[in-house]
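One letter stands for each residue in the lines below.
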Amino acid sequence: MIDFASLFERRLSFPHPTARQRLDRLIGLDDYKSKLAKVLGLLVNPKGLTDWGAVHHPGAELLIDTILHRPPLIILAGDVGTGKTELAESIGDEVARRENIEIELLPLSLSARGQGKVGQITQLISAAFDYTAKEASKLKSAAGTQGAVILLVDEADALAQSREDEMHHEDRSGVNAFIRGIDRLSNQSLPAAVIMCTNRFHAIDPAVKRRAAEMLVFNRPDEKDRRQLLATRLAGLGFEPADIEAVVCATGPRGDNQPGFTYSDLTQRLIPSIVLDAFPETAIRPARAIELAQQMTPTATFRED
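In short, a report on the structure. (Residues numbered from 1 in each chain as written. Predicted model: local features only at pLDDT ≥ 70, side-chain atom pairs only at ≥ 80, totals over all residues. Heavy atoms only, no water.)

**Describing the nonpolar core**
The condition that has to hold: Nonpolar cores were defined as sets of buried Ala, Val, Leu, Ile, Met, Phe, Trp, Tyr and Cys residues, with membership established by side-chain atoms within 4.5 Å. Exposed residues in this analysis have more than 50% of their type's maximum accessible area, buried residues have under 20%, and partly exposed residues fall in between, with area computed by a 1.4 Å probe over protein chains only. By definition, any uninterrupted DSSP run of H or I lasting at least four residues is a helix, any uninterrupted run of E lasting at least two residues is a strand, and each is numbered from the N terminus. Throughout, a residue-residue contact means that at least one pair of heavy atoms, one from each residue, lies within 4.5 Å.
In terms of nonpolar packing, the biggest core is built from 51 residues, with Leu 40, Leu 76, Ile 91, Ile 195, Leu 230 and Leu 270 touching the most fellow members. Here this core gets 7 residues from one element, more than from any other, and that element is helix α3 (residues 30–44). Excluding residues within four positions of it along the chain, Leu 40 makes contact with Ile 74, Ile 91, Val 95, Ile 150, Ala 193 and Ile 195. Ile 121, Ala 133, Val 149 and Ile 182 belong to the second-largest nonpolar core, a separate cluster that totals 35 residues.

Laid out in structure tokens, this is it:
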């Protein structure tokens, strides 16, 4: 018997004030936030698009139908520490507020990969989609969408690796189950969507990629993004504009082919290091902050090979 409680972790319901705060902290990802919220809104609550079409493009039902019948899958790809998972875990709040519906997030646990027993991965993936479809069907009515479900699959390449690569039969069956799950949600027109996050976009099975309604590729913060993030956090600490620029420069790409800092490098490593270096004896000194930034090594680029 499948233990549904173990299939998912950190289940969240939106709207939620904590998720709003998490979204607001994601500086430099405004374009991703806007695009992801808009696409998710269309996938789980089509009424907005049909109303828009009736007002602006009456008679364009085939156009609207084409948009609404895309598989409910979004792939977020990019290097480690670029904000994919944090955005995926909190974007439901923006969609819930924009569409005026309640949304439940179901983060698929990595335990869904099972222990390699014959048929186990397939059963667990199928069970996850069964539960998602069951919950979503409760929220669909003749009066319109009452709510929606988002199934979040982090480290998605572990479950949807390309069948073109050499793989065990059990893993291949798991990919097939994943594809069937996506098709099921699409064919039943349920208020549900799947978000996949991966550092290994090229490892995802082509049939899964073809089903994606949207694919967003995340990059490390550029100079403008690093300046915005650092200035808002170091302001009021005695940093002159030149000091901020020095930290921005120190966290960018380096001559020894090192990439620039990721968002998590900045918020989870550098800024805490600056604070802890001074605490509790002294105040933060800009010169020391610059020195710490220069000494810190950014997270290495994830390599597909």
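**Here's the deal with the pattern of salt bridges**
Rules: Within this document, salt bridges are pairs made up of a side-chain nitrogen of Lys or Arg and a carboxyl oxygen of Asp or Glu, the two lying within 4 Å of each other.
One pass over the structure, following the stated rule, counts 20 salt bridges. A salt bridge links Arg 20 to Glu 94; the shortest N-O distance between them is 3.0 Å. Taken as a pair, Arg 20 in helix α2 (residues 17–24) and Glu 94 in helix α6 (residues 84–99) lie far apart in primary sequence, 74 residues in all. A residue is classified by how much of its surface remains accessible, and Arg 20, at 23% relative accessible area, is partly exposed. The class for Glu 94 is partly exposed, based on a relative accessible area of 22%. In this structure, Arg 288 and Asp 277 form a salt bridge, with 2.9 Å as the shortest nitrogen-oxygen distance. In this pair, Arg 288 is assigned in helix α13 (residues 286–295) and Asp 277 in helix α12 (residues 263–278), connecting sequence segments 11 residues apart. One salt-bridge network, in which partners are shared between bridges, spans Arg 20, Asp 93, Glu 94, Arg 97 and Arg 98.

**So, the sheet that holds strand β2 (residues 73–78)**
Selection criterion: Whether two strands pair depends on DSSP finding at least two bridges between them. Between N-to-C directions, angles cover 0 to 180 degrees, with each direction set by a line fitted to C-alpha atoms, over the stretch in contact for helices.
Sheet architecture is open: 6 strands sit in the order β1-β3-β6-β7-β2-β8, paired in mixed fashion. On the outer flanks of this sheet lie β1 (12–14) and β8 (214–218), each paired with one strand and no other. On average, adjacent strands in this sheet sit at an angle of 20 degrees to one another, irrespective of strand direction. Bridging between strand β3 (residues 102–107) and strand β6 (residues 147–153) involves 6 bridges; their strand directions are parallel. The residue bridging Leu 106 from the neighbouring strand is Leu 151, located in β6. Seen against the sheet, helix α7 (residues 120–138) touches β3, β6 and β7 (192–198) and runs at an angle of roughly 165 degrees to β6.

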